[in-house]
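# Survey of secondary and tertiary structure
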Amino acid sequence: MKIAILGGTGDLGKGLALRLSLKHDVVVGSREREKAQRLASEYIEEGRKHGLELRISGATNQEAIDQSSVIVVSVPHDVLPQFLPTLRGYEGKLVISPVVPMPKTKRGFEY
């Protein structure tokens, strides 16, 4: 199974990519392809330090959607209304959103 992680260059995206890529091909998505590719390489290297062979690649968010059958949306909740309409091709794919409306403050996340 190929899984896209939209916004996969943030903390949540990184954590999901490291875990999911143990058993699945993961495409880390970002607005910038080069950033996604660079961080995907860093995630793979981090896995190697722990003896793990991770299957992670980087692409734009749209390319990640196009390549995958499962889409994980891992962007902050406050940007979702602007973010989701800029992309297409969700039809027929499983879309998962672990996003929760909790702002990050100096003390941590607050609800």
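One can find the structure itself at the top, above this paragraph.
Let me begin by describing the structure that accompanies this report. (Residues numbered from 1 in each chain as written. Predicted model: local features only at pLDDT ≥ 70, side-chain atom pairs only at ≥ 80, totals over all residues. Heavy atoms only, no water.)

## Details of the sheet that holds strand β4 (residues 70–73)
Defined as follows: Think of it this way: DSSP has to see at least two bridges between two strands before they count as a pair. Helix and strand labels come from DSSP, where a helix needs a run of H or I of at least four residues and a strand needs a run of E of at least two; each type is numbered from the N terminus. Here the axes come from fitting lines to C-alpha atoms, over the contacting stretch only for helices, and the angles between their N-to-C directions go from 0 to 180 degrees. Contacts were defined at the residue level, with two residues in contact if any of their heavy atoms lie within 4.5 Å.
Taken in spatial order, the five strands line up as β3-β2-β1-β4-β5 in an open sheet, and their pairing is parallel. Bordering the open sheet on either side are β3 (56–60) and β5 (94–96), each of which pairs with just one other strand. In this sheet, adjacent strand axes meet at a mean angle of 25° when their direction is disregarded. Examined bridge by bridge, strand β1 (residues 2–6) and β4 share four bridges and lie parallel to one another. The residue bridging I3 from the neighbouring strand is V70, located in β4. Together, β1, β2 (25–30), β3 and β4 form the strand contacts of helix α1 (residues 11–20), whose direction differs from that of β1 by roughly 170°. The sheet contacts of helix α2 (residues 33–49) involve β2 and β3, and relative to β3 the element is tilted by about 170°.

## Considerations on the layout of surface pockets
Think of a ball as big as a water molecule: rolled over the atoms, this probe shows where empty space is left. Stated formally: For each structure, a 1 Å grid was placed over the protein atoms alone; sets of points admitting a 1.4 Å probe that cannot get out are labelled cavities, open sets with protein on both sides within 12 Å along at least five of seven lines are labelled pockets, and lining residues have an atom within 4 Å of a point. Grid points are joined across faces, edges and corners, and a volume is the space filled by probe spheres set on the points. Classification used: nonpolar for Ala, Val, Leu, Ile, Met, Phe, Trp, Tyr, Cys and Pro, charged for Asp, Glu, Lys and Arg, polar for all others including Gly.
The space that makes up the largest pocket amounts to roughly 800 Å³. Lining the largest pocket are 28 residues, and of these G7, G10, S74, V75 and P76 lie nearest its centre. Looking at the lining of the largest pocket element by element, the count peaks at three residues for α1. Broken down by class, the residue content of the lining of the largest pocket amounts to twelve nonpolar, ten polar and six charged.

## Re the side chain of S21
We apply this condition: Buried, partly exposed and exposed residues are distinguished by accessible area as a fraction of the type maximum, computed with a 1.4 Å probe on protein chains only: under 20%, between the cut-offs, and over 50%, respectively.
Along the chain, S21 turns up in the loop between α1 and β2. Since its relative accessible area comes to 0%, S21 is described here as buried.

## A look at a nonpolar patch on the surface
We count it as follows: For patch building, the residue pool is restricted to those with more than 30% relative accessible area and no salt bridge; the joining distance is 9 Å between like charges and 5 Å between nonpolar side chains (Val, Leu, Ile, Met, Phe, Trp, Tyr). Computed with the Shrake-Rupley method and a 1.4 Å probe, the accessible areas treat only the protein chains shown as cover for residues. The salt bridge definition used is simple: a Lys or Arg side-chain nitrogen within 4 Å of an Asp or Glu carboxyl oxygen.
Residues V100, M102, F109 and Y111 make up a contiguous nonpolar surface patch of about 510 Å² in total accessible area. Along the chain, F109 falls in strand β7 (residues 108–109).

## Here's the deal with the pattern of salt bridges
Scanning all chains against the criterion turns up six salt bridges. Note that E45 and R48 form a salt bridge whose closest N and O atoms lie 3.6 Å from each other. Here E45 pairs with R48, and both are found in helix α2, just three residues apart, close to one helical turn. Take E45: its relative accessible area is 38%, and that puts it in the partly exposed class. With a relative accessible area of 45%, R48 lands in the partly exposed category. In this structure, a network of salt bridges that share partners links the residues E45, R48 and E53.

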